[in-house]
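# Close look at the chain arrangement
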Amino acid sequence: MTTTHTNPALTAPRTTPRTAPARGPAASRARRKRVLHWIAVHSIAIAVALLFVLPFVFVFLTSVMSDDQAMSGDLWPDSWHWENYRTVFRTEGFLDWWKNSLLYAGLGTLFTVCSAIPAAYALAKFRFRGRRTAMILVISTMMLPPQVVVIPMYLVWAQQFHLSGTLWPLIIPMAFGDAYSIFLLRQFLLTIPKEYIESAKVDGCGELRTLLRIVVPMAKPGIAAIALFQFFYCWNDYFGPQIYAAQNPASWTLSYGLESFKSAHMVNWNLTMAATLLVMAPVCLVFFFAQKAFVEGVTLTGVKG
Amino acid sequence: MALTLSRPARRRLRTLGFLSPWLIGFSVFFAYPLLATVYFSFMHYNQIKEPAFVGLRNWKYVFQDMPLFGPALWNTLWLVVVMVALRVVFGLSLGLLVTKIKSGVGLFRTAFYLPYLAPPVAATVAFVFLLNPGTGPVNEILSKVGIDGPNWFNDPTWAKQSLVLLSLWGIGDLMVIFMAALLDVPTEQYEAAELDGAGAWAKFRYVTWPSITPIVMFAVVTGVVQTMQYYTQALVAGKLASGVSIGPGSVIQPGYPDHSTLTVPQLVYSMGFQNFNTGAACVLSLVLFAIAMAVTMLLMRKRSGLLAAED
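As annotated in an unreviewed UniProt entry, chain B carries the name Sugar ABC transporter permease and is attributed to Streptomyces xanthii. Here is the UniProt Sequence similarities (unreviewed entry) comment for chain B, exactly as written: "Belongs to the binding-protein-dependent transport system permease family." Under the UniProt heading Subcellular location (unreviewed entry), the entry covering chain B gives this text: "Cell membrane".

Chain A is annotated in an unreviewed UniProt entry as Carbohydrate ABC transporter permease of Streptomyces xanthii. Checking UniProt for chain A, the heading Sequence similarities (unreviewed entry) contains the comment "Belongs to the binding-protein-dependent transport system permease family."

Have a look at this one:
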């Protein structure tokens, strides 16, 4: 699998200083040193990469073992039981969990993107009093453990709106801005030169038109990054569905249901590993198609200011 | 432009309009529940009968009499220190390694990054299987080279270490952040250091390190805040390793084995949603909040780039 190089910061020329080519024994010594260095670095890299990949390999190999062999500690399957995957899909509820995960992640992402764009734009490009305070509030929200506010929120959703047992208490708030996405997108919008926005206004564009016609198209990579992060956040979320959907198995998501799947198939590690891979699969698939937006997003959180 | 400038009120209205979804969200889903948490921390409330004011009794209960608070706080702080330190050290090492790779960078980067994407529940289920004493491949391999593997998630002295192992597997995000920071170090400084005869270590110490300290700081602080929230992996690992054959929502002794994987967020959940002791759960939430807030303040004080580029 080859990676497409994307973020200029990540594909910048190597930082090793290039010295002028020299001749003689000193030069050949230097060349030998470079070759040894190359071998050393790549050996370490291969060893470490193997450590990172092996868990996936073992999970996969176990997922195609027979029921008995999966409990034996064997590393290689005697015979390949691809039907394990069919069994997983036929398990009661599994397809519903897929639907729920897609609903939660899909709508959640859509809502987040729509609500983050105007807020991020205002925080990045408008000058107003209290802007710094607003940013501090955004960052505080971002840093807040979800457990801090979960109890009163649960009481409101359960007692006032009678929505416990559904995923709506998780989806609806996303229409009102997600701090992490706002922060990330704002950092991205800061990099768009003021001149573009000003010239649009000179041409008679209103604020909303400027946002939709000029800023949004230019901010596509940033928007893609927050959309992906939000999608994965929802897809991976365990705590939220546990709070709101636990009582009602029809509302479980894949991430939440997987654990009960294991409990129901006490001894069937092969089926559990097949289900585990099926939960991971969409994430890996999306990653291969959208590596660029991902890496940019991660970098943006940590490095760019 | 001139028109808007001459009408500050209109500009203010425009700003308000753009920010209003977030402002509503902030008040309803952040400010309100935070105040309510403080309110409930002074109430006796079992989510059925009306809340009744009990003063500081919940606070006293949590800090003096709650048997699990000590272990939960200790585990959380242990994880914060060990996990964050190791994650930063390994993340930086991996970042350095990736910047040194000359061929096949993309392939290696993907291999290092992919585990980070694995859904936490799936990754945890996989690790409980891999480290399963007796039938797991890891101990199987260890026994082939003559090592008697530990009981991992089933041994109270190894359970937290197993969680650390799991979190180190998903270190891809830090690797990318450090990699970008390392590639941003000005090349001329390395050249100058080389002319001065600096070796590899001296170059790292006097050129690389000073220019990446803000990122290291950022990684430490966000790592601390994330680990304060550590929940899913600890819960799922404890439940699965205990071998209880009941689904989610079941009431089991949290933090298997011997409370060694019980964290403060887990205690919030079990107090609030299993014991229906809303008051105590809210006190625990506020303890988490206080620590996370203190760390966040530090983050914004230090020049870690979060509030940089204001203008």
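From this point, the discussion proceeds with the structure in view.
## Digging into the UniProt feature "transmembrane region" (unreviewed entry) in chain B
Residues and elements named next belong to chain B. The positions that UniProt labels "transmembrane region" (unreviewed entry) are, in the present scheme, residues 21-42, 76-99, 111-131, 163-185, 206-225 and 278-300. For residues 21-42, helix accounts for 91% and strand for 0%, while the C-alpha atoms at its two ends are 31 Å apart. Across residues 206-225 one finds 100% helix and 0% strand; the C-alpha atoms that close the span lie 29 Å apart.

## Quick word on the domain arrangement of chain A
Residue and element names in this part refer to chain A. What the domain assignment lists for chain A is domain 1 (28-86) and domain 2 (92-300). Placing a centre on the C-alpha atoms of domain 1 and another on those of domain 2 gives a separation of 33 Å. On the domain 2 side, the residues contacting the 12 residues of domain 1 number 10 residues. Each partner contributes to the roughly 960 Å² buried at the junction of domain 1 and domain 2, and carbon and sulfur atoms together form 75% of this total. Looking only at domain 1, the three residues that lose the most surface to domain 2 are Phe56, Val59 and Tyr85, adding up to 44% of its buried area. At the surface where domain 1 touches domain 2, the tally comes to 0 salt bridges. Between domain 1 and domain 2 we count 2 residue pairs in polar contact (both at pLDDT 80 or more) in total. By residue number, the principal contributor to the side of domain 1 that touches domain 2 is helix 1 (residues 25-63), which donates 5 residues. For the side of domain 1 that touches domain 2, the class distribution of residues is 7 nonpolar, 4 polar and 1 charged.

## A closer look at the pattern of salt bridges
Pairing between side chains of opposite charge can happen when the charged atoms of each approach one another. The full count for this structure, using the stated rule, is 6 salt bridges over all chains. Here Lys239(B) and Glu259(A) are joined by a salt bridge, their closest N and O atoms 3.3 Å apart. Of this pair, Lys239(B) sits in helix 12 (residues 232-242) while Glu259(A) sits in helix 13 (residues 254-264), placing the two residues on different chains. What emerges from the salt-bridge pattern is a single network uniting Lys201(A), Glu207(A) and Arg14(B).

## Quick look at the UniProt feature "domain: ABC transmembrane type-1" (unreviewed entry) in chain A
UniProt records the feature "domain: ABC transmembrane type-1" (unreviewed entry) for residues 98-290 of chain A in the present numbering. The straight-line gap between the two end C-alpha atoms of residues 98-290 of chain A is 21 Å; of that span, 74% is helix and 0% is strand.

## Looking at the nonpolar core
Formed by 197 residues in total, the largest nonpolar core has its most connected members in Phe94(A), Leu189(A) and Phe112(B). Sort the elements by how many residues they give to this core and helix 4 (residues 94-125) of chain A lands first, with 14 residues. If sequence neighbours within four positions are ignored, Phe94(A) has contacts with Val88(A), Phe89(A), Leu254(A), Phe261(A), Ala275(A) and Leu278(A).

## Structural notes on the packing of helix 8 (residues 179-189) of chain A against helix 11 (residues 220-236) of chain A
All names here are of chain A. Between helix 8 and helix 11, whose axes approach to 9 Å, the crossing angle comes to 160°. Considering the angle they form, helix 8 stands roughly antiparallel to helix 11. Here the hand of the crossing between helix 8 and helix 11 comes out right-handed. Residues Tyr180, Ser181, Leu184, Leu185 and Phe188 of helix 8 form the contact with helix 11, whose participating residues are Pro221, Gly222, Ile223, Ile226, Phe229 and Gln230. Of the residues belonging to the contact of helix 8 with helix 11, the class tally is 8 nonpolar, 3 polar and no charged.

## Describing the UniProt feature "transmembrane region" (unreviewed entry) in chain A
Annotation from UniProt places "transmembrane region" (unreviewed entry) at residues 35-61, 102-124, 136-155, 167-189, 210-233 and 269-290 of chain A. Helix makes up 65% of residues 167-189 of chain A and strand 0%, and the two end C-alpha atoms of the span are 31 Å apart.

## Remarks on the interface of chain B and chain A
Of the residues lining the interface, 116 residues belong to chain B; the matching set on chain A comes to 110 residues. The contact between chain B and chain A buries some 10,200 Å² in all, and 75% of this surface belongs to carbon and sulfur atoms. Where chain B meets chain A, there are 2 salt bridges. Scanning the region where chain B abuts chain A turns up 9 residue pairs in polar contact (both at pLDDT 80 or more). At 19 residues, helix 2 (residues 8-40) of chain B tops the list of elements feeding residues into the side of chain B that touches chain A. A per-class count over the side of chain B that touches chain A returns 79 nonpolar, 23 polar and 14 charged.

## Structural notes on helix 5 (residues 131-143) of chain A
The end-to-end C-alpha distance of helix 5 of chain A, which contains 13 residues, comes to 19 Å, matching closely the 18 Å that a straight helix rising 1.5 Å per residue would cover. Within helix 5 of chain A, the full set of buried residues consists of Arg131(A), Ala134(A), Met135(A), Val138(A), Ile139(A), Ser140(A), Met142(A) and Met143(A).

## Remarks on a positive patch on the surface
Residues Arg31(A), Arg34(A), Lys100(B) and Lys102(B) make up a contiguous surface patch of positive charge. Turning to its location among the elements, Lys100(B) is positioned in helix 4 (residues 69-100).

## Section: the side chain of Thr112(A)
Residue and element names in this part refer to chain A. Mapped onto the elements, Thr112 comes out in helix 4. Judged by relative accessible area, Thr112 falls into the buried class, the value being 1%. Those residues in contact with Thr112 that lie beyond four places of it in its chain are Met174, Asp178, Ser181 and Gln230.

## Describing the domain arrangement of chain B
All names here are of chain B. Considered domain by domain, chain B is made up of domain 1 (31-65 + 267-301) and domain 2 (75-262). Distance from the C-alpha centre of domain 1 to the C-alpha centre of domain 2: 31 Å. Counting residues at the interface gives 10 residues for domain 1, matched by 10 residues for domain 2. Interface area for domain 1 against domain 2, summed over the two sides, is near 930 Å², with a carbon-plus-sulfur share of 81%. Inspection of the domain 1/domain 2 interface yields 0 salt bridges.

Conventions we followed
- Residues numbered from 1 in each chain as written.
- Chains lettered and ligands numbered in written order.
- Predicted model: local features only at pLDDT ≥ 70, side-chain atom pairs only at ≥ 80, totals over all residues.
- Heavy atoms only, no water.
- UniProt positions renumbered as here; feature names shortened; annotations may be inferred.
- Helix = DSSP H or I, 4+ residues; strand = E, 2+ residues; numbered from the N terminus.
- Domains from an automatic or database assignment.
- Contact = heavy atoms within 4.5 Å.
- Buried area = accessible area lost by both parts, 1.4 Å probe.
- Salt bridge = Lys/Arg side-chain N within 4 Å of Asp/Glu carboxyl O.
- Polar contact = N/O pair within 3.5 Å; in protein donor to acceptor, adjacent residues only side chain to side chain.
- Nonpolar A, V, L, I, M, F, W, Y, C, P; charged D, E, K, R; others polar.
- Core = buried A, V, L, I, M, F, W, Y, C linked by side-chain atoms within 4.5 Å.
- Buried < 20%, exposed > 50% of the residue type's maximum accessible area, 1.4 Å probe, protein only.
- Axes fitted to C-alpha atoms, helices over the stretch in contact; angles between N-to-C directions.
- Parallel < 35°, antiparallel > 145°, perpendicular 65-115°, else oblique.
- Left-handed = near helix turned anticlockwise from the far one by under 90°.
- Expected span 1.5 Å × (residues − 1).
- Patch = residues over 30% accessible without salt bridge, like charges linked within 9 Å, V, L, I, M, F, W, Y side chains within 5 Å.
- Areas by Shrake-Rupley, 256 points an atom, 1.4 Å probe, with all protein chains shown as cover.
- Lys, Arg positive; Asp, Glu negative; His and termini not counted.
- Charge placed at Lys NZ, Arg CZ, Asp CG, Glu CD.

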